[in-house]
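Residue-level listing of the chains:
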Amino acid sequence: MTIRKTLLTSLCAALLFTGMGGCGKQASSGPAPKAGIDPKIMADALFAVMEADRTIYTRNVVKRSKDAGLVKASEQWKDEDDKGSLPLPAQMFRMASERVSEKTETFSYQLKSPWPVNKQNMPKTDVEKKGFDFIVANGGKEPFYGEETIAGKKYFTAIYADVAVSPACVTCHNEHKDTPRTDFKLGDTMGGVVVRIPLGS
Amino acid sequence: MEFIKKMQGWKLWLIWLLLSLVATYLLAMNAWQGADKTMFLPGQTTVGHYQIELKCDACHTPFMGVKQDACLECHKAELDLVNDSHPAKKFTNPGNAHLLEHMDAHQCLTCHKEHVPKQTHAMGVTVPTDYCFYCHEDIGKERPTHEGLGFDTCLDCHNFHDNRALYEDFLAKNLDQPKHAVKAELPLKTLLRSYGEMQSQSQQNVAVENQLKGQEHENWMLSVHQQKGVSCNDCHMQPMEASSVKQWTNSPDYNSCRSCHNAEVEGFLGGRHGMRLAQNLSPMTPQMARLPMKAESMHKELSCNSCHTAHRYDVQYAATDACMSCHDDAHSNNFTQTTHYKLWEKEIAGDIPAGQGVSCASCHLPRVNVGSKRNPEVRVMHNQNDYLRPNEKMARPVCMKCHGLEFTLDALVDSTLVENNYDRPPSVHLESMQWVKDRVEARESN
C-alpha cells in the first residue's frame, strides 16, 4: 500500500512538473493555450539582444580600451604572440553563435555578408540570397523574413542588417587584405545576421 | 544417430543455430573478459593506438561500435591547444549544412579510421586527400597563386586542425628571417620558482634524511629534491587503497610524483610512454614498441623513474641519455652526429649557457610557456604527441626559438632530414613563402 502511494505521488509530481496535468485537481481550467511563441517575435527579440551586446562590446569595451591605450583588439587574438589582445567584435559574435549551436537546437544565428572577409561567410541558401538582396536594397531599414527547408528540416529564417556602428568597423573591413569591398562608410549595411528557428517537421 | 535421422530438417537447423549462438557467445565473453583480445583486431592498429589496442573498450562499445566521444576523451585538450582551425562546432549551424553534404565534419571518424593500415599515412592517421576541395574549390579565384593546384596538394602546406605556424598573417610577420637567430636560446623552466615555498614546509624532514646512508642517499643529496627539502616520506609515504592513511611503499609510482608534478604526469599519461598506464594496463615496455629498441632495454617498464632515475632525478640524463638507452632507430642514433648534439655537450660541460644546447627533449618534450608574457610559466610538456606529428607542431615552440621561419618550414618538409636528425641544412625550398612575400609587396605597392 505504501509503495503504491509513493508511486502515485511520484507520478503526480512528475506530471505537474512537466505541465501535463494533475491528480485529483486540475492545474488549470479551460482549453489549453496555444503553446510556443511566434517565431517572428522570438527572432526579433533574439536579434535585439545580439545587437545590443555587440554594439556595447564594440563601443564600450573594444573602442574604449583602444582609445585609453590599454588592450587592442586583434584578428589574431588567439595567437600565442597576441595573448593580451581582445577578439574583434565580429569574432566575439561568431564565437557566441558557435557556443549557442553547441548548447541548443531551438535557434541558431550566423553573421554573413555579400562582401565577407572570409568567403565561407557568403549567403548560401536561396532564402539567404533573397534576404540579403532585400536588406541591402532597403538600406537595412527592414528585416527580411522567410521560410526554408535545410537538410529536411523546416526553418523560419529572419535576416537583420548588420550596420557599421563604429569607425573601426569601416576601417578594418576596408583595409583588410581579403576584403572584396573597400568603400564602406559609417552606417552602411556591411552584412547581416541570419536567425533561424526550426518549425518542426 | 537414429534420433537425429528421425528429426526433421528444420529442427536440425534450429539446434545447429542455437549451438552456434551459444558457442559464439561463450567465445566472445571469454575473449572480452579475458586477457587476449587479439582475435578481435580487424586490422593493424595505428602507431598512436597500438599500445592500447587490446583495451577495446577504450574506444569501442560492447558490440564493436565506436564510442561517440572516444577520440575527444584523449585528444580534445590537444585540439584546444592548437586552436583547431575546423572544430566540430563550426559545422553545427544549419546555415552550414551545405558544407556537410560531401563529408560530415562533425565526426572525427569521417576522416580518421582505425585498423586500416593501407589507408594510414606516415603521420599515423588516415587522412583523405580531397576533403579541402569540397569547401575550398574556389580558392584559385581568391588566391591566384593557388590556381591550378591539384586538389590533393592542400596538405603540402596546410593542416585541417593545427595551422598555428602556417596561416598567412603569421608567415607574413616572419618573412626574411635569418637561418640562425642572433639569440638562439630555448626558454628555461620556471618550475622550481613555483615550488619555492616547499623548503620551509619540509625542512624538518631533512634532518632525518641526513642520517641515512648509501647510494640512494648520495643520489638524493645531489638532487633538486634535496635542495628543495623534498625528503623520503614525501615520495615513499603514499595513501593506502581506499583510505587516506599513508603507508610506506618501496617503489612509489607516478601517483606519488603527481602530488607535486600533476601537469607533467598528465602529459606523460597522455603520451605514448604512459598511455597504457592511463588505461589501467601494464606499463609500456620497449619490447612492445614498433620502433627499433635496444636489446638490453627490452625489459624496462616505463614510468616517471624510467627517465628521471629515482633519487637523483637528473634532468640532463632524462633529456637525452634516457632516450638513447632504449631507442635504436636511425633518427635517434644519428643525433650524436649533429650540431644540435655538439651544442648539448657544450651545455652539459658548462661551456655555453643553459638553453643553448639541443637535447632530444628540446624538440620532443619542449619547454613551453603556459603562462603569459608578463608572468611566464615555462613547463616541460611531457606528452610527446603534442609536438610530434605533423611536425609543423614543433615549428613555433621549438625550431623558431633558434631558426627563421622559412628555414624551419623547409627543414620540416625535407623528409630526408628526419632520418639524418637535421644534421645539415634543408635541401628543399617551399614556394609558398614567396607567394606570401609577393602578396605583401603587392598590397604595399597599392
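Residues numbered from 1 in each chain as written. Chains lettered and ligands numbered in written order. Predicted model: local features only at pLDDT ≥ 70, side-chain atom pairs only at ≥ 80, totals over all residues.

Visitor: Could you clarify how one ought to interpret the overall build of chain A in this entry?
Guide: Counting secondary structure elements, chain A contains 5 helices and 4 strands. Across the 201 residues in chain A, those meeting the buried criterion constitute 23%. Sequence-distant contacts in chain A: of pairs separated by 6 or more residues, those separated by 24 or more amount to 53%. (Helix = DSSP H or I, 4+ residues; strand = E, 2+ residues; numbered from the N terminus. Buried ≥ 20, exposed ≤ 12 C-beta atoms within 10 Å, placed from the backbone. Contact = placed C-beta atoms within 7 Å.)

Visitor: Can you help me understand the overall build of chain B in this one?
Guide: Per the secondary structure count, chain B includes 21 helices and 4 strands. In terms of overall dimensions, chain B has C-alpha extents of about 95 × 75 × 45 Å along its principal axes. Each of the 446 residues in chain B was classed as buried or not, and the buried ones make up 21%. Within chain B, counting contacts between residues at least 6 apart in sequence, those at least 24 apart form 54% of the total.

Visitor: Please clarify how the domain arrangement of chain B should be interpreted in this entry.
Guide: Where interface size is given, it is often the accessible area lost as the parts come together that is meant. Split by domain assignment, chain B resolves into domain 1 (70–90 + 98–163) and domain 2 (191–420). Tallied by class, the residues present in the side of domain 1 of chain B that touches domain 2 of chain B amount to 3 nonpolar, 2 polar and 2 charged. (Domains from an automatic or database assignment. Nonpolar A, V, L, I, M, F, W, Y, C, P; charged D, E, K, R; others polar.)

Visitor: Please explain the sheet that holds strand β1 (residues 108–112) of chain A as it appears in this structure.
Guide: Backbone-to-backbone hydrogen bonds pair the strands of a sheet. The strands run either parallel or antiparallel. Residue and element names in this part refer to chain A. Taken together, 4 strands build an open sheet; the order of strands is β1-β4-β3-β2 and the sheet is antiparallel. At either margin of the open sheet sits one strand with a lone partner, and together these are β1 and β2 (144–150). The sheet shows a mean angle of 25 degrees between the axes of neighbouring strands, direction not considered. In this structure, β2 lies alongside strand β3 (residues 153–163), joined through 7 bridges in antiparallel fashion. For Thr149, the partnering residue across the bridge sits in β3 and is Lys154. (Pairing = 2+ DSSP bridges. Axes fitted to C-alpha atoms, helices over the stretch in contact; angles between N-to-C directions.)

Visitor: Would you take a moment to explain the nonpolar core for this structure?
Guide: Where a protein is soluble and globular, its nonpolar side chains tend to be buried together. Residue and element names in this part refer to chain B. Ranked by internal contacts, the top residues of the largest apolar core, which has 23 residues, are Cys360, Ala361, Met394, Ala395, Val398 and Cys399. Mapped onto this core, the elements with two or more residues apiece are α15 (315–324), α18 (360–364) and α19 (405–413). Counting residues per element, this core draws most heavily on α19, at 5 residues. If we ignore the near neighbours within four places in the chain, the residues touching Cys360 are Ala319, Thr320, Cys323 and Phe335. (Core = buried A, V, L, I, M, F, W, Y, C linked by C-beta atoms within 7 Å.)

Visitor: What is the right way to look at the pairing of strand β4 (residues 189–198) of chain A in this model?
Guide: Where a strand is regular, its side chains alternate between the two sheet faces. All names here are of chain A. β4 sits mainly inside the fold: 9 of its 10 residues count as buried. Where β1 meets β4, 5 bridges bridge the pair, whose relative direction is antiparallel. Within the sheet, the bridge partner assigned to Lys112 lies in β4 and is Gly192. As paired strands, β3 and β4 are joined by 9 bridges and run antiparallel to one another. What sits directly across from Tyr155, in β4, is Pro198.

Visitor: How should the packing of helix α2 (residues 39–67) of chain A against helix α3 (residues 89–103) of chain A be read in this particular structure?
Guide: When two helices pack together, their arrangement is captured by the angle between the axes and the distance separating the axes. All names here are of chain A. Where α2 meets α3, the axes come as close as 10 Å, and the angle between the chain directions of the two elements is 135 degrees. Overall, the two elements α2 and α3 adopt an arrangement that is oblique. Where α2 crosses over α3, the handedness of that crossing is right-handed. Side by side, α2 and α3 meet where Arg54, Tyr57, Thr58 and Val62 of the first sit next to Pro89, Met92 and Phe93 of the second. Split into classes, the residues belonging to the contact of α2 with α3 amount to 5 nonpolar, 1 polar and 1 charged. (Parallel < 35°, antiparallel > 145°, perpendicular 65-115°, else oblique. Left-handed = near helix turned anticlockwise from the far one by under 90°.)

Visitor: Looking at this structure, how should I read the confidence of the model for chain A?
Guide: Interpreting fine coordinate detail is not advised for predicted regions of low pLDDT. Mean pLDDT over chain A works out to 85, with 82% of the residues at or above the 70 mark. The model gives residues 1–29 of chain A a pLDDT under 50, and that stretch makes 9 contacts with residues more than four places away or in other chains. (pLDDT = per-residue confidence, 0-100.)

Visitor: What's the story with unusual backbone geometry in this structure? I'm lost.
Guide: Among all residues except glycine, the phi angle is most often negative; among peptide bonds, the trans geometry is most common. All names here are of chain B. Of note, the bond from Arg389 into Pro390 is cis; its omega dihedral lies within 30 degrees of zero at -10 degrees. For Pro390, the position within the fold is in the loop between β4 (378–380) and α19. With a phi angle near 60 degrees, Asn421 is a residue other than glycine that sits in the positive phi range.

Visitor: Before we go on, may I ask you to explain the environment of Met284(B) in this structure?
Guide: All names here are of chain B. Relative to the helices and strands, Met284 resides in the loop between α13 (275–278) and α14 (304–307). Assessed through the 22 C-beta atoms surrounding it within 10 Å, Met284 is described here as buried. When sequence neighbours within four positions are dropped, the list of residues in contact with Met284 reads Gln51, His273, Arg276 and Leu302.

Visitor: What am I meant to see in the confidence of the model for chain B here?
Guide: When pLDDT is averaged across chain B, the result is 89; 92% of the residues are at 70 or more. Scored as a whole, the predicted complex attains pTM 0.85, and scored at its interfaces, ipTM 0.82.

Visitor: Honestly, the environment of Cys323(B) in this entry has me stumped. Any pointers?
Guide: Residues and elements named next belong to chain B. Assignment of secondary structure puts Cys323 in helix α15. Classification of Cys323 by C-beta neighbours within 10 Å gives partly exposed; the count is 18. Considered as a pair, Cys323 and Val440 are 117 residues apart in the sequence and their alpha carbons are 43 Å apart. Beyond its immediate chain neighbours, meaning those up to four positions away, Cys323 contacts Ser332 and Cys360.

Visitor: What is the right way to read the environment of Lys346(B) from this model?
Guide: All names here are of chain B. Mapped onto the elements of the fold, Lys346 is located in helix α17 (residues 339–349). A residue is classified by how many C-beta atoms lie within 10 Å of it, and Lys346, with 14 of them, is partly exposed. Setting aside residues up to four positions removed in sequence, Lys346 forms contacts with Asp351, Ile352 and Gly357.

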